[in-house]
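Now for the letters of each chain:
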Amino acid sequence: MKENVCCFFGHREIPEANELKKKLRGVIENLIVCEKIDTFLFGSKSQFDALCLETVTELKQKYPHIKRIYVRAEYPYINDSYKSYLLKSYEDTYYPQNIIGAGRAVYVKRNHEMINRSRFCVVYYSEKYSPKNGRSGTKIALDYAVKQNKRVINIA
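Residues numbered from 1 in each chain as written. Predicted model: local features only at pLDDT ≥ 70, side-chain atom pairs only at ≥ 80, totals over all residues. Heavy atoms only, no water.

### So, the packing of aromatic side chains
Heads up, the rule is: When the centres of two rings from Phe, Tyr and Trp lie within 6.5 Å, Trp using its six-membered ring, the rings pair. Their planes under 30 degrees apart give stacked, over 60 give edge-to-face, and anything left gives tilted. Only DSSP runs of H or I reaching four residues or more are called helices, and only runs of E reaching two or more are called strands; each is numbered from the N terminus. Under the scheme applied here, a residue whose accessible area is under 20% of the maximum for its type counts as buried, over 50% as exposed, and between as partly exposed, the area being computed with a 1.4 Å probe on protein chains only.
Under the defined criterion, the tally for this structure stands at seven aromatic pairs. Ring geometry for Tyr70 and Tyr90: centres 5.2 Å apart, planes at 25°, overall stacked. Taken as a pair, Tyr70 in strand E3 (residues 67–71) and Tyr90 in the loop between helix H3 (80–86) and strand E4 (92–94) lie far apart in primary sequence, 20 residues in all. Given the relative accessible area of 8%, Tyr70 is considered buried. Within the aromatic cluster, the residues linked to one another by ring pairs are Phe8, Phe40, Phe42, Tyr70 and Tyr90.

### Let's talk about the nonpolar core
Where a protein is soluble and globular, its nonpolar side chains tend to be buried together. Cut-off, in case you're wondering: What is meant by a nonpolar core is a set of buried Ala, Val, Leu, Ile, Met, Phe, Trp, Tyr and Cys residues, joined one to another through side-chain atoms within 4.5 Å. Contact between two residues is taken to exist if any of their heavy atoms lie within 4.5 Å; hydrogens are not considered.
Of all hydrophobic cores here, the largest spans 27 residues; its most connected members are Phe8, Phe40, Phe48 and Val122. Elements with a contribution of two residues or more to this core: strand E1 (5–10), helix H1 (17–34), strand E2 (39–42), helix H2 (47–62) and strand E5 (120–124). Look past the residues within four positions of Val122 in its chain and what remains in contact with it is Cys6, Cys7, Phe8, Phe9, Leu24, Val27, Leu31, Phe48, Ile153 and Ile155. Grouped together as the second largest cluster of nonpolar side chains are 16 residues, Cys7, Val71, Val123 and Leu142 included.

### As for the side chain of Lys21
Where we set the bar: Pairs of N or O atoms within 3.5 Å make up the polar contacts considered here, provided that, within protein, one atom can donate a hydrogen while the other can accept it, and that residues adjacent in sequence are counted only when both atoms are side-chain atoms.
When you line up the elements, Lys21 lands in helix H1. For Lys21, a relative accessible area of 18% corresponds to the buried category. A polar atom in the side chain of Lys21 sits 2.7 Å from the side chain of Glu58. With near-sequence residues (within four places) excluded, Lys21 lies in contact with Leu51, Glu54, Thr55 and Glu58.

### Quick notes on the environment of Leu24
Topologically, Leu24 is positioned in helix H1. Along the sequence, Leu24 and Val5 sit 19 residues apart, while their C-alpha atoms lie 16 Å from each other. Aside from chain neighbours lying at most four places away, what touches Leu24 is Phe48, Leu51, Cys52, Thr55, Val122 and Ile155.

### Here's the deal with the pattern of salt bridges
Quick note on the threshold: The salt bridge criterion pairs a side-chain nitrogen of Lys or Arg with a carboxyl oxygen of Asp or Glu, the two atoms within 4 Å.
The tally for this structure, following the rule as stated, stands at 11 salt bridges. A salt bridge links Lys21 to Glu58; its shortest N-O distance comes to 2.7 Å. You can see Lys21 sitting in helix H1 and its partner Glu58 sitting in helix H2, a full 37 residues away along the chain. Note that Arg117 is salt-bridged to Glu113, the shortest N-O span being 2.7 Å. A relative accessible area of 11% places Glu113 in the buried class.

### Section: the packing of helix H4 (residues 106–116) against helix H5 (residues 137–147)
Where we set the bar: Here an angle of 0 to 180 degrees is reported between the N-to-C directions of two axes, which are lines fitted to C-alpha atoms, with helices fitted over the stretch in contact. For a crossing to be left-handed, the near helix must be turned anticlockwise from the far one by less than a right angle; the clockwise case is right-handed. As a working rule, the residues Ala, Val, Leu, Ile, Met, Phe, Trp, Tyr, Cys and Pro are called nonpolar, Asp, Glu, Lys and Arg charged, and the rest polar, with Gly in that last group.
Viewed as axis vectors pointing N to C, H4 and H5 meet at an angle of 35°, and their least axial separation amounts to 10 Å. For the pair H4 and H5, the crossing hand works out as right-handed. Here Val108, Asn111, His112, Ile115 and Asn116 of H4 come into contact with H5, specifically with Gly137, Ile140, Ala141, Tyr144 and Ala145. Within the contact of H4 with H5, the residues separate by chemical class into six nonpolar, four polar and no charged.

Take a look at the structure:
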């Protein structure tokens, strides 16, 4: 699955979404056209995730073959109603079996799952927006992606 897959992760809050969205659109479109990326993995819980989903959804009009997949960190088992709701925005959703029982580390482990399945990681990370306590899930994911030799594009 890695060859044509890209994941997204970034800070919960981001500044000035309009300028960022233009830059993000260019990066994603380049990945689709030049790198043949056709599958995009999304988490949740951040403005950056929402902006990425919005941007990929808009690009899906031009590139209908691309797929949006929501990698859940909550609700390992979902009913048909919730799945139908999710499939209005995504082509598929799944909960990684290896994160069951992860407790408070569930989001970190979910991000690792997305990184492991991807060739590219589009990231929004800035020291300026890291939490005061220094425990940034985005930084943990970024460090992991670098360690795994993923192609990281930090658009911050």
